[in-house]
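Chain by chain, the residues:
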Amino acid sequence: MKEEQSNSIVSGSEALIRSLVAEGVDTMFGYPGGAIMPVFDALYDHRDKVKHVLVRHEQAAVHAAQGYARVSQKVGVALVTSGPGATNTITGLTDAMMDSTPLVVISGQVASSLLGSDAFQEADVIGITQPVTKWAYQVRRVEDIPWAISRAFYIARSGRPGPVVIDIAKDAQVNKCEFKYEKTTFLRSYYPVPHPDKEKIAEAAKIINEAKRPFALVGQGVVLGKAETELKLFLEKSGIPFASTLLGLSAMNSDHPLNTGMLGMHGNIGPNINTNSCDVLIAIGMRFDDRVTGNLNSYAKQAKIIHFDIDPGEIDKNVKTTVKVLGNAKTTLSMITELINSNNHNDWLNKFREYDKIEYDKVIKQELFPENGGQIKMGEVVHKVTEATGNKAICVNDVGQHQMISSRYFKFTQSRSLVTSGGLGTMGFGLPAAIGAKYGAPDRTVCVFVGDGGLQMTMHEFGTILETGVDVKIILLNNNYLGMVRQWQELFFEERYSETHLKNPDFIKVADAYNIAGRIVTERAELDDAIQEMLNHKGSFLLEVVVETKGMVYPMVPAGGSVTDVMVGKGEKV
């Protein structure tokens, strides 16, 4: 452990803020309350070092911290009170756990003498949060605050990142202790990064060198491991085509010549179908989620599987591997690149391009460049927005049809440019995550795509925008439906549209009440001008686009189907 500050006698709350400063925290998101009030009082004297963003709901505090962490390469921090304040963070913690986002969530707690007495706003925060965190710890003694914070940040950011909860009793916040901060660099029995096995890497290299139809799957582990450069060198030397998971999309440029698109239920046709045609499948920092694999009984049975991952728990969990390569991708990719032959697989890559043509003719052309008039398409809005930003913006999205559409058609030219709720699929994620992303990358344009359903789950965060003046560009794709559920009802429930139609408010008026500029677009001819108005506006802007009422997201692999069962229209398969 490395000592960071000299000794002094301070309150527990002061020790907490000093500990956060020692960890490099410059921004956090939260909401005050009785059991955390001493910490907010201490924060008052440190406003020059730590900016606190006052959100309107504790769930939003965690989502904002997620957005901040995902784009900044730092640990996101949220500060909440006891009882309902802490329990309101559970959705965000679960989301962060599933998507490997480093967070430290600090909650106030009733005084230690009242624990277990059902005191006002008492909740068993540790018992509730342990299943959805890397570590959850309750501080009852003031002396333990610096120690707990030091461990929390080390655990949150090391190895496979994730959320940590520190629950601090109120008496620990007000009592005094001698302050000394030591950064944690090692914990006994905790080995966050496995040591690479050179024999396994050599075995994997041999298989890759002998492959005729190798295919790489790129996941978020590349981004979390800061291995983008190493990935590029590996792919370009080997000539291996690759596709990305949802969370891995911005690890490589969208227009890279070896890039074949996105994997999964609404991914591109070529990557999905050719998963079952490759002879070697190389998974890099991804977990073989069911949305990627479809039916495991028919997934890549013909291929040798090489799995690169930092988490041993992911190896053989869903897909049985031929060779496992444990370690940080930055290290293991460098090691294997030295052993592989320079190669190209142009004939194999052309198999993907053949499917690209089919997908363009069957889906993309009509989605991005509709020729027959009609209502505005979701895809054409996304395409025009990314083009107008020079493909340099951060894309944040909520959950639903617009999430899949914006992830498919937004173009990425630098890493850490997509912020989305992958594993948990949390409606309401988008707006607060965009606010956090803007604080994490203040010099970049942040565009958040939301649906009319998800927006209303956290629309109270318009208040945070009013409070802070933060600049996010909100693109509401409004079809007056819970669109993804409606799509499933159309395809699989005989068009029985049960409780998916929404009667919505005047969103522009609501935004105006929060001093957020806005414009509604109902005609295609207005779209380009409206997008420019949004991007040129200084401050947040709500662009509401009325899109086709019953738009569909294709291609689609039905849930539980094989990755080769790709739908390109209702009743139409490739």
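Residue positions within a chain follow its written sequence, with the count starting from 1. Given that this is a predicted model, residues contribute local features only at a pLDDT of at least 70 and side-chain atom pairs are listed and counted only at 80 or more, while totals for whole chains, interfaces and linings are drawn from all residues. Remark: hydrogens and water are excluded; side-chain values derive from all non-hydrogen atoms of the structure.

## Describing the overall build of the protein chain
The helix count covers DSSP runs of H or I at least four residues long, the strand count covers runs of E at least two residues long, and both are numbered beginning at the N terminus. Scanning the protein chain from N- to C-terminus turns up 23 helices and 24 strands. Taking the principal axes of its C-alpha atoms as reference, the protein chain extends roughly 70 × 65 × 40 Å. Each residue is placed in one exposure class: buried if its accessible area under a 1.4 Å probe, protein chains only, is under 20% of its type's maximum, exposed if it is over 50%, and partly exposed if it falls in between. Burial statistics for the protein chain: of 574 residues in total, 60% are counted as buried. A fraction of 76% describes how many contacts in the protein chain between residues 6 or more apart in sequence connect residues 24 or more apart. Counting only carbon and sulfur atoms, one obtains 48% of the accessible surface of the protein chain, whose full area is about 22,600 Å². In this tally, Asp and Glu contribute negative charge and Lys and Arg positive charge; neither His nor the terminal groups of the chain are included. To locate a charge, take atom NZ for lysine, CZ for arginine, CG for aspartate or CD for glutamate. Here the protein chain contributes 59 positive and 66 negative side-chain charges, whose respective centroids are spaced 4 Å apart. In this analysis, two residues are considered to be in contact whenever any of their non-hydrogen atoms come within 4.5 Å of each other. Note on areas: these come from Shrake-Rupley sampling with a 1.4 Å probe, and a residue is covered only by the protein chains present in the view.

## Description of the domain arrangement of the protein chain
Where each domain begins and ends follows an automated or database-derived domain assignment. Assigned domains of the protein chain: these are domain 1 (3–182), domain 2 (198–351) and domain 3 (376–548). The gap between the C-alpha centroids of domain 2 and domain 3 is 31 Å. Counting from both sides, the interface comprises 18 residues of domain 2 and, opposite them, 19 residues of domain 3. With both sides pooled, the region where domain 2 packs onto domain 3 buries about 1,400 Å², and carbon together with sulfur makes up 60% of that total. Buried surface area refers to the total accessible area, computed with a probe of radius 1.4 Å, that the two partners give up upon joining, counted for both partners together. The largest per-residue losses of area from domain 2 upon contact with domain 3 belong to Leu246, Ser250 and His266, which jointly make up 39% of the total buried on that side. Under this definition, polar contacts are N or O atom pairs within 3.5 Å; protein pairs additionally need one hydrogen-donor-capable and one acceptor-capable atom, and for neighbouring residues in sequence, both atoms have to be side-chain atoms. Where domain 2 packs against domain 3, one counts seven residue pairs in polar contact (both at pLDDT 80 or more). Taken together, the residues of the side of domain 2 that touches domain 3 sort by class into nine nonpolar, six polar and three charged. Classification convention: Asp, Glu, Lys, Arg as charged; Ala, Val, Leu, Ile, Met, Phe, Trp, Tyr, Cys, Pro as nonpolar; all other residues, Gly among them, as polar.

## A look at the pattern of salt bridges
Here the idea is simple: oppositely charged side chains can pair when their charged atoms come close. What makes a salt bridge here is a side-chain nitrogen of Lys or Arg within 4 Å of a carboxyl oxygen of Asp or Glu, nothing more. Counted by the stated rule, this structure contains 29 salt bridges. Glu314 is the salt-bridge partner of Arg160, the closest N and O atoms lying 2.7 Å from each other. Taken together, the positions of Arg160 in the loop between helix H7 (145–157) and strand S8 (163–169) and Glu314 in the loop between strand S15 (304–309) and strand S16 (323–326) put the pair 154 residues apart, joining distant regions of the chain. Judged by its relative accessible area of 7%, Glu314 is buried. Within this structure, Arg160, Asp311, Glu314 and Lys317 form a network of salt bridges that share partners.

## A word on the sheet that holds strand S20 (residues 473–478)
In this description, strands pair whenever DSSP reports at least two bridges between them. Here we have six strands laid out as an open sheet, ordered S18-S17-S19-S20-S22-S21, and parallel in their pairing. Edge positions in the open sheet fall to strand S18 (418–419) and strand S21 (517–521), since each of these has one partner strand only. Bridging between S21 and strand S22 (residues 541–546) involves five bridges; their strand directions are parallel. Directly across from Ile520, in S22, lies its bridge partner Glu544. The angle between two axes is taken between their N-to-C directions and runs from 0 to 180 degrees, where each axis is a line fitted to C-alpha atoms and a helix contributes only its stretch in contact. Lying on the sheet, helix H16 (residues 378–388) is in contact with strand S19 (446–451), S20 and S22; it crosses S20 at an angle near 165°.

## Side note on the packing of aromatic side chains
A pair of aromatic rings is counted whenever rings of Phe, Tyr or Trp (Trp by its six-membered ring) have centres within 6.5 Å, and the orientation is called stacked for planes under 30 degrees apart, edge-to-face for over 60 and tilted otherwise. Scanning the model with the defined rule gives 15 aromatic pairs in all. Centre to centre, the rings of Phe29 and Tyr68 are 6.0 Å apart; their planes meet at 65°, and the pair counts as edge-to-face. Of this pair, Phe29 sits in strand S3 (residues 27–30) while Tyr68 sits in helix H3 (residues 58–72), and the two are 39 residues apart along the sequence. Across this residue pair, the class does not change: Phe29 and Tyr68 are buried. Of the aromatic side chains, those joined through ring pairs into one cluster are Phe29, Tyr68 and Tyr439. The ring of Tyr44 has Arg47 lying over it, and the distance from NZ or CZ to the ring centre is 3.7 Å. Geometrically, a charge over a ring is one whose NZ (Lys) or CZ (Arg) sits within 6 Å of the ring centre while staying within 35 degrees of the ring normal.

## Overview of the side chain of Thr27
For Thr27, the location among the structural elements is in strand S3. Classification of Thr27 by relative accessible area gives buried; the value is 8%. There is a polar contact of 3.1 Å between the side chain of Thr27 and the side chain of Asp26. Not counting the four nearest positions on each side in its chain, Thr27 is found in contact with Lys51, Val53, Tyr68, Val77 and Tyr439.

## Looking at the sheet that holds strand S6 (residues 103–109)
In space, the six strands of this open sheet follow the order S4-S3-S5-S6-S8-S7, with parallel pairing throughout. Every interior strand has two partners, whereas the edge strands, strand S4 (51–54) and strand S7 (135–139), have only one. Sheet twist, expressed as the mean angle between neighbouring strand axes with direction ignored, is 20°. Bridge analysis of strand S5 (residues 76–80) against S6 gives five bridges, and the strand direction is parallel.

## Considerations on the environment of Val25
Following the sequence through the fold, Val25 ends up in the loop between helix H1 (12–22) and S3. Judged by its relative accessible area of 7%, Val25 falls in the buried class. The spacing of Val25 and Lys51 is 26 residues in sequence and 8.9 Å in space, taken between C-alpha atoms. Contact partners of Val25, with chain neighbours within four places excluded, come to Leu20, Lys49, Val50, Val77 and Phe153.

## Here's the deal with unusual backbone geometry
Here the amide bond leading from Tyr554 into Pro555 is cis, since omega sits at 0°, within 30 degrees of zero. Note that Pro555 resides in the loop between S22 and strand S23 (567–569). In this structure, Asp316 is a non-glycine residue whose phi angle is positive, near 65°. Tracing the sequence through the fold places Asp316 in the loop between S15 and S16. When its relative accessible area of 30% is taken as the criterion, Asp316 is described as partly exposed.

## So, H1
The buried count for H1 comes to nine of eleven residues, which makes it a mostly enclosed element. Every buried residue belonging to H1 is among Gly12, Ser13, Glu14, Ala15, Leu16, Ile17, Ser19, Leu20 and Ala22, and all of these are buried. Where H1 terminates, the next one or two residues include Gly24, which has phi positive at roughly 85°.

## A few points about the packing of H16 against helix H23 (residues 527–536)
In contact at an axis separation of 10 Å, H16 and H23 are set at 45° when each is read in the N-to-C sense. It follows from the interaxial angle that H16 and H23 lie oblique. Remark: the crossing between H16 and H23 carries right-handed chirality. Only Leu527, Asp528, Ile531, Gln532 and Leu535 of H23 make contact with H16, whose side of the interface consists of Val381, Lys384, Val385 and Ala388. Comment on the angle field: the value is read as roughly parallel under 35 degrees, roughly antiparallel over 145, roughly perpendicular from 65 to 115, and oblique elsewhere. Handedness of a crossing follows from how the near helix is turned relative to the far one, being left-handed for an anticlockwise turn of less than a right angle and right-handed for a clockwise one.

## Here's the deal with H3
One less than the number of residues in a helix, times 1.5 Å, gives the span that helix is expected to have. Here H3 is 15 residues long and its end C-alpha atoms lie 21 Å apart, about the 21 Å a rise of 1.5 Å per residue gives. The buried fraction of H3 amounts to 15 of the 15 residues, a majority that puts the element mostly inside the structure. In the stretch just after H3, Gln73 is the one whose phi turns positive, near 65°.

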